Amino acid sequence: MEDATPYLYADNAATTPLSPRALEAMMPYLTSTFGNPSGIHRVARDAALALDDARARAARCLGAAAHELYFTSGGSESDAWILRGAVARFRDRFGADAPVRLITSAIEHHAILHTAEALEREGVAVTYLPVDGEGHVRTDDLEQTLAAADAENRARGVDAPPAALVSIMLANNEVGTIEDVAALAAVAHARRVPFHTDAVQAVGHIPVDVAALGVDALSLSGHKFHGPRGIGALYLREGFSIPPLIRGGAQERGMRAGTENVAGAVGLATALEEATVQLAERGERLAALRDELVRRIVDAVPDVRPTGDPDPARRLPGIASFVCHNVDGELLVVLLDRDGVAAATGSACSTGETGPSHVIAALGIADPRWAQGSLRLSLADDVTADDIALLAERVPAAIRRARNLSAMV
């Protein structure tokens, strides 16, 4: 008997299902061609060739050269590597007298924020740039921060750049706002500071070209665009090098020790190629359906506000995010799950934390009656008009119930 109430998965910003093509491409490297790429016999050579091919294919999708891409276990490792590596690079180049600074934003993923906090405890100065009400980092704020640090260095007689790294995400994982990374990178480079972008949420969903962005480093993760979990990559521009984070063997050209995940790399490359085919056209279709969903939810229930940038050109096409007045976000997600909708409040990587999302707080939404009621619906690439119609029925109904239950507590 056909299910009359299909379950709708609207949490694709957390993770995506594995592409059948990616799974098919991975299978030989999970079964017959299982060799360790570091070996010299035939089985190992076959694995090494597959790894080289996957690296070249994935790099091509980013406008990068194969030798600029290093496979990691995912976005969190890539983020930790670039932050810690940039600090070590700075200290090696400019010595103990030069103050070490990192500059990032208040709305970064916790992989960046928690690593930055750990580095603060190790003596690194960290500046967390604010954002405007739509989630954009302002180039003026970055320029003023760098100028002040430059002036401080000159006053101390230190000939060093004002920061070891600027790290600003390409697109926010909670509200979908796309940052003007090219402009921000230009500001950093004018002060001799390298620039990294966490593009985990963006790659495979909007066009990403490292040359057009002008970045020195970029993080990505396979499971965000229908690749496997446990595989990601860090792009390092030719001429920009950092020390390894994981030491041991000579894998990844001596930059990242550990037996390579060949099947994962092949799956990542296959999924990324698939995701970037007709990406602009698919993004326009998805954004139109997303905008229809937002309009219908806002019209159906009072005191619900969209968050993030309303301009489709400056927002990830699949993310619809809101704050709901007098609603507990976690309760709302539970009710939606019971009604057949997978959604999120804040970020899936924040599960277990209490209080409003740090992103919502950074947007200036301070009233807890609003801030506690954040909701994110992240749509699949193949979402249909029928799916949108069902979401437009179920989500307002769940908001009303959550509001009534919250009022009773």
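As shown above, the structure is provided for reference.
Owing to the predicted nature of the structure, the values given are computational and were not obtained by experimental measurement.

S.K.: Is there a simple way to explain the overall build of the chain in this structure?
M.R.: In terms of regular secondary structure, the chain is built from 13 helices and 12 strands. Taking 2.2 N^0.38 as the reference for a compact globule, 409 residues should give roughly 22 Å; the C-alpha atoms of the chain span a radius of gyration of 22 Å, in line with that estimate. Dimensions along the principal axes, computed over C-alpha positions, put the chain at roughly 60 × 60 × 35 Å. Each of the 409 residues in the chain was classed as buried or not, and the buried ones make up 55%. Partitioning the intrachain contacts of the chain with sequence separation of at least 6 by distance along the chain shows that 74% fall at a separation of at least 24. Approximately 17300 Å² of the chain is accessible, and the part contributed by carbon and sulfur atoms is 53%.

S.K.: Sorry if this is basic, but what is going on with the sheet that holds strand β10 (residues 319-324) here?
M.R.: Sheet strands associate in pairs through backbone hydrogen bonding, adopting either a parallel or an antiparallel arrangement. Ordered in space as β9-β10-β12, the 3 strands form an open sheet in which the pairing is antiparallel. Every other strand in the sheet has two partners, leaving β9 (304-306) and β12 (374-378) as the edge strands with one partner each. Here the strands of the sheet are splayed against their neighbours by 25° on average, with no regard to which way each runs. In this structure, β10 lies alongside β12, joined through 5 bridges in antiparallel fashion. Bridge pairing links Ile319 to Ser378 in β12. The strands touched by helix α9 (residues 279-300) within the sheet are β9, β10 and β12, with β10 carrying the most contacts at an inclination of about 15°.

S.K.: What's the story with the pattern of salt bridges in this structure? I'm lost.
M.R.: Between side chains of opposite charge, a pair can form as their charged atoms come close. Here the structure, examined in full by the defined rule, presents 20 salt bridges. One salt bridge connects Arg84 with Glu122, and the closest N-O pair in it is separated by 2.9 Å. Taken together, the residues span a long stretch of sequence, with Arg84 in helix α3 (residues 75-94) and Glu122 in the loop between α4 (110-121) and β4 (125-129) at a distance of 38 residues. Via salt bridges that share partners, Asp53, Arg57 and Glu273 belong to a single interconnected network.

S.K.: Before we go on, may I ask you to explain the packing of helix α5 (residues 139-155) against helix α6 (residues 181-190) in this structure?
M.R.: Helix-helix packing: each pair is described by the crossing angle between the helix axes and the interaxial distance. Where α5 meets α6, the axes come as close as 10 Å, and the angle between the chain directions of the two elements is 15°. As the angle between them shows, α5 and α6 are arranged roughly parallel. As for the relative orientation of α5 and α6, their crossing is right-handed in sense. Packed against α5, whose contacting residues are Thr139, Leu142, Glu143 and Leu146, the element α6 presents Ala183, Leu184, Val187 and Ala188 at the interface. In terms of residue class, the contact of α5 with α6 is built from 6 nonpolar, 1 polar and 1 charged.

S.K.: Please explain the sheet that holds strand β8 (residues 232-236) as it appears in this structure.
M.R.: Ordered in space as β2-β8-β7-β6-β5-β3-β4, the 7 strands form an open sheet in which the pairing is mixed. With one partner strand each, in any of the chains shown, β2 (69-72) and β4 form the two edges of the open sheet. Averaged over all pairs of adjacent strands, the angle between their axes in this sheet comes to 20°, without regard to strand direction. Note: strand β3 (residues 101-105) against β4, 5 bridges, orientation parallel. Bridging across to β4, Leu102 finds its partner in Val126. Sitting on the sheet, α5 touches β3, β4 and β5 (165-167), and the angle it makes with β3 is about 170°.

S.K.: What is the right way to look at α6 in this model?
M.R.: Think of an α-helix as 3.6 residues a turn; residues three or four steps apart then line up on the same face. Listed as buried for α6 are Val181, Leu184, Ala185, Val187 and Ala188. Burial along α6 is one-sided: seen end-on, the buried residues are contained in an arc of 155°. Where α6 is buried, its residues meet α5, β5, β6 (195-198) and α7 (210-213). The first or second residue beyond α6 is Arg192, which carries a positive phi of 70°.

S.K.: Quick question: what am I supposed to make of the packing of aromatic side chains here?
M.R.: Geometry of an aromatic ring pair is reported as the spacing of the ring centres plus the angle between the planes. Under the counting rule described, the total for this entry stands at 2 aromatic pairs. Ring geometry for Tyr70 versus Trp81: centroids 6.0 Å apart, planes at 75°, classification edge-to-face. Here the residue Tyr70 occupies a position in strand β2, and Trp81 occupies one in helix α3, the gap between them amounting to 11 residues. Between Phe90 and Phe94, the ring centres sit 4.9 Å apart and the planes meet at 45°, which makes this aromatic pair tilted.

S.K.: Explain the pairing of β6 here, please?
M.R.: Regular strands place side chains that alternate from one sheet face to the opposite one. Where burial is concerned, the two faces of β6 agree: the one with Phe195 and Thr197 and the one with His196 and Asp198 are both buried. Pairing between β5 and β6: 2 bridges, direction parallel. Note that in β6 the partner of Val166 across the bridge is Phe195. You can see the chain leave β5, run along α6 and come back into β6, and the turn it takes is right-handed. Pairing analysis gives 3 bridges linking β6 to strand β7 (residues 217-221), with the strands arranged parallel. Residue pairing for β7: Thr197 is matched across the bridge by Leu218.

Rules used throughout
- Residue numbers here run from 1 along each chain, matching the order of that chain's written sequence.
- The predicted origin of the model limits local features to residues at a pLDDT of at least 70 and limits the giving and counting of side-chain atom pairs to 80 or more, whereas totals for whole chains, interfaces and linings rest on all residues.
- Note that water and hydrogens are dropped before the side-chain values are worked out from all heavy atoms of the structure.
- Helix numbering and strand numbering both begin at the N terminus, where a helix is a DSSP run of H or I of at least 4 residues and a strand a DSSP run of E of at least 2.
- It is over C-alpha atoms that the radius of gyration is taken, and the globule rule equals 2.2 Å times the number of residues to the power 0.38.
- Working definition: with a 1.4 Å probe on protein chains only, accessible area under 20% of the residue-type maximum means buried, over 50% means exposed, and in between means partly exposed.
- When checking whether two residues touch, look at their non-hydrogen atoms; a contact exists if any pair is within 4.5 Å.
- Here, Shrake-Rupley sampling with a 1.4 Å probe gives the accessible areas, and only protein chains in the shown set may cover a residue.
- A pair of strands is treated as paired once DSSP finds two or more bridges between them.
- Here, axes are lines fitted to C-alpha atoms. For helices the fit covers the stretch in contact, and angles between N-to-C directions go from 0 to 180 degrees.
- Between Lys or Arg on one side and Asp or Glu on the other, a salt bridge is scored when a side-chain nitrogen of the former is within 4 Å of a carboxyl oxygen of the latter.
- Geometric relationships in this document are graded by angle, where less than 35 degrees denotes roughly parallel, more than 145 denotes roughly antiparallel, 65 to 115 denotes roughly perpendicular, and other angles denote oblique.
- The hand of a helix crossing depends on one turn: near helix anticlockwise from the far one by less than a right angle means left-handed, and clockwise means right-handed.
- Residue classes follow a fixed rule: Ala, Val, Leu, Ile, Met, Phe, Trp, Tyr, Cys and Pro count as nonpolar, while Asp, Glu, Lys and Arg count as charged, and any other residue, Gly among them, counts as polar.
- Throughout, the arc means that of the directions going from the helix axis to the C-beta atoms.
- Stacked, tilted and edge-to-face are the three classes assigned to paired rings of Phe, Tyr and Trp, where Trp is represented by its six-membered ring and a pair needs centres within 6.5 Å; plane angles under 30 degrees give stacked, over 60 edge-to-face, the rest tilted.
- When the strands point away from the viewer, a crossover counts as right-handed if the route from the first strand across the helix to the second turns clockwise.

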